[in-house]
Amino acid sequence: MTTALLSVSDKTGILDLASALHARGVKLLSTGGTARLLADAGLPVTEVAEVTGFPEMLDGRVKTLHPRIHGGLLARRDVPAHMAALAEHGIGTIDLLVINLYPFAQATARPDCTLEDAIENIDIGGPAMLRAAAKNWADVGVVIDPTDYPQVLAELDAGGLSRATKFSLARKVYAHTAAYDGMITNYLSALEPGAEERPAAVPQRAAYPSVYNLQLVKTQDMRYGENPHQSAAFYRELKPAAGTLAQWVQLQGKELSFNNIADADAAWECVKTFDEPACVIVKHANPCGVAVGKSAVEAYLKALKTDPTSAYGGILALNRPLDAEVVAAINAAKQFVEVALAPAVTPEAREMLAAKPNLRLLEVPLAPGGNAMDFKRVGGGLLLQSADSKNVAPAELKVVTTLQPTPQQMADLLFAWKVAKFVKSNAIVFCGGGMTLGVGAGQMSRIDSARIARIKAGHADLSLTGSAVASDAFFPFRDGLDVVIDEGASCVIQPGGSMRDAEVIAAANERGVAMVFTGTRHFRH
């Protein structure tokens, strides 16, 4: 390796890399701010303009778009005619290209970003050089990520970049330029009509662009998908939202399956909505037990009590560290757990769980927020929607009955409402004392969901008398309300919005229960 071209907007580690390359006898070429940074550090650097014979022009839009640069990147060293052409025109080879692109994402994330600002942050020369170098990967190393600098230097010291490394770096480049172009497309295709007439103004952007690009990175192949005859893999977003499952660290256990990940996500999204210590147990995408308590172990024991039969082989999530007390309680209950996830696992708990080598143990950073968008695949297309991140506050509730809920009932109603949000529609959830008592999920009839919840409570020997009930959508007729009252409900929380709300409210008054409307529906299909 004789010559390297360095031109980066992200200066992380670039001085150290340039110094290390210089120490290894590599000639440094550079442009603009990077060249000045290297020169100020005392490193010998040749401006690209000296190589091309042309100064940077058009406010820096044209710097590297020249045969003396692209010839040096694209010439195949094993093709005599290529090397003869370089010699004829006095073009030197470029053996290493280190570039990252104009910060388009950061620019367009600013609330004051105009269309003109966005356009000026579209890199042209950078992607052209990256693609050229990546095409000629067998002869040119190309680096777009500062985290790859140490490996590059280590391999140079060992005799040069291996073909495997150069090919890997080239693949990374094409993924990067594809994501970059996709990001620009997403931005431009979201702009309001007529934005092009006002380039100095901050344009309005549609929530859903006319063309939508998404890039995902595969993190693992799976033995099979939802069923053994289906193949599957897990892909992670380039920058997962804070607090989402994709940031898990697996501490022990077998490889996660397709269903493990899907159910773990359902459990994690539910448990992190609670401020108090909470436990969620999920089976087949539905919570079968949810509870809060003064400690993680109390929350676990209450959650398990809801439906210990369904909890067997389930997914267990905590919003507090998984400690030795919780593990002891799991062992005492003889509960088989497929996956356990928590923000942290104590050393004592890890030591105890090591005796369960098949249990998949995950740590997931607990952080507010989550995915901004949800996706649902349909035949030949994709449904996009904003994530259901709405959590109803007490001040948003409207008491619609003569009877007012007591403070304890209001607490139970809010708890039940949080749980219902994560239960498949039609959802009916009976709760009391900070725990689920009966969960009815996924039925075509809301009445059937209520009956199933009652059966579940009966199997667990739990009384529904005086319970709070949440319904994820309104009661279209009074019959659904009558069923939950017949089972023991003393108060009900539901969205409201039915054409027969007056009839349902009258029924609640007649039966002597309190009812509140949220004004928010939580269908989950």
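Above: the structure in question.
All values reported here derive from a predicted model rather than from experimental measurement.

A.B. asks: Teacher, can you tell me more about the nonpolar core here?
C.D. replies: Note that soluble globular proteins tend to have their nonpolar side chains buried in a common cluster. Leu322, Phe430, Leu481, Val484 and Met515 are the most contacted members of the largest nonpolar core, which totals 53 residues. Ranked by residues supplied to this core, first place goes to helix 12 (residues 296–306) with 6 residues. Each residue touching Val484, except ones within four places of it in the same chain, is listed here: Ile428, Phe430, Ala450, Val469, Ala489 and Val492.

A.B. asks: What's the story with a nonpolar patch on the surface in this structure? I'm lost.
C.D. replies: A contiguous nonpolar patch, built from Tyr212, Leu214, Leu216, Tyr235, Phe375 and Leu382 and spanning about 540 Å² of accessible area, is present on the exposed surface. Using a relative accessible area of 42% as the deciding quantity, one classes Tyr235 as partly exposed.

A.B. asks: Looking at this structure, I do not really get the sheet that holds strand 18 (residues 436–440). What am I missing?
C.D. replies: Sheet strands pair by backbone hydrogen bonding; their relative direction is either parallel or antiparallel. Taking strand neighbours across the sheet as the criterion, the 6 strands line up as 16-21-20-19-17-18 in an open arrangement whose pairing is mixed. Looking along the sheet, the strands with just one partner apiece sit at the ends: strand 16 (398–399) and strand 18. Where strand 19 (residues 467–471) and strand 20 (residues 489–494) come together, 4 bridges link them in parallel fashion. Residue Ala470 lies in a different strand from strand 20, and its bridge partner there is Ile493. Together, strand 17 (428–431), strand 19, strand 20 and strand 21 (514–517) form the strand contacts of helix 18 (residues 478–486), whose direction differs from that of strand 20 by roughly 140°. Where helix 19 (residues 501–511) meets the sheet, it contacts strand 20 and strand 21, and its direction lies at approximately 150° from that of strand 21.

A.B. asks: What is the right way to look at the side chain of Ser471 in this model?
C.D. replies: Relative to the helices and strands, Ser471 is located in strand 19. On the accessibility criterion, Ser471 (0% relative accessible area) is buried. Of note is the side chain of Ser471, whose polar atom sits 2.9 Å from the side chain of Arg446. Not counting residues within four places of it along the chain, the set of residues in contact with Ser471 comprises Trp417, Ala427, Ile428, Arg446, Ile493, Gln494 and Pro495.

A.B. asks: Sorry, what's going on with helix 19 here?
C.D. replies: Residue pairs three or four apart in sequence face the same way in an α-helix, which turns once every 3.6 residues. Residues of helix 19 that are buried include every one of Asp501, Val504, Ile505, Ala507 and Ala508, and no others. For helix 19, the arc enclosing every buried residue in end-on projection is 155°, short of the 170-degree limit, so these residues lie on one face. In helix 19, the exposed positions that point more than 90 degrees away from the buried face belong to Ala502 and Glu510. Close packing links the buried residues of helix 19 with helix 18, strand 20 and strand 21. Phi turns positive one or two residues past the end of helix 19, at Gly512, with a value near 75°.

A.B. asks: Even after reading the chapter, I still don't get unusual backbone geometry, so can you show me in this structure?
C.D. replies: The bulk of non-glycine residues show a negative phi, and the bulk of peptide bonds are trans. A cis amide bond links Ser425 to the next residue, Asn426, at an omega of -5°. Structurally, Asn426 can be placed in the loop between helix 16 (407–420) and strand 17. Its identity is not glycine, yet Ala285 carries a phi of approximately 75°, on the positive side. By secondary structure assignment, the location of Ala285 is in the loop between strand 9 (278–283) and strand 10 (286–292). A positive phi is found at Asp461, a non-glycine position, where the angle reads about 55°.

A.B. asks: Honestly, the pairing of strand 12 (residues 337–342) in this entry has me stumped. Any pointers?
C.D. replies: Along any regular strand, the residues point their side chains to alternate faces of the sheet. Among the 6 residues of strand 12, 5 are classified as buried, and the element is accordingly described as predominantly covered. As paired strands, strand 11 (residues 314–318) and strand 12 are joined by 4 bridges and run parallel to one another. Bridge assignment links Ile315 to a residue of strand 12, and that residue is Val339. The β-α-β motif built from strand 11, the intervening helix 14 (residues 324–333) and the parallel element strand 12 has right-handed crossover chirality. Two strands pair when backbone bridges link them, and strand 12 and strand 13 (residues 360–363) are joined in this way by 4 bridges, in the parallel orientation. Within the sheet, the bridge partner assigned to Val339 lies in strand 13 and is Arg360. Regarding topology, helix 15 (residues 347–353) serves as the crossover connection from strand 12 to the parallel strand 13, and that connection is right-handed.

Each value, and the rule that gives it
Residues numbered from 1 in each chain as written. Predicted model: local features only at pLDDT ≥ 70, side-chain atom pairs only at ≥ 80, totals over all residues. Heavy atoms only, no water. Core = buried A, V, L, I, M, F, W, Y, C linked by side-chain atoms within 4.5 Å. Buried < 20%, exposed > 50% of the residue type's maximum accessible area, 1.4 Å probe, protein only. Helix = DSSP H or I, 4+ residues; strand = E, 2+ residues; numbered from the N terminus. Contact = heavy atoms within 4.5 Å. Patch = residues over 30% accessible without salt bridge, like charges linked within 9 Å, V, L, I, M, F, W, Y side chains within 5 Å. Areas by Shrake-Rupley, 256 points an atom, 1.4 Å probe, with all protein chains shown as cover. Salt bridge = Lys/Arg side-chain N within 4 Å of Asp/Glu carboxyl O. Pairing = 2+ DSSP bridges. Axes fitted to C-alpha atoms, helices over the stretch in contact; angles between N-to-C directions. Polar contact = N/O pair within 3.5 Å; in protein donor to acceptor, adjacent residues only side chain to side chain. Arc of directions from axis to C-beta. Right-handed = clockwise from strand over helix to strand, strands pointing away.

Such coordinate-based values are descriptive only and should not be taken to indicate function.
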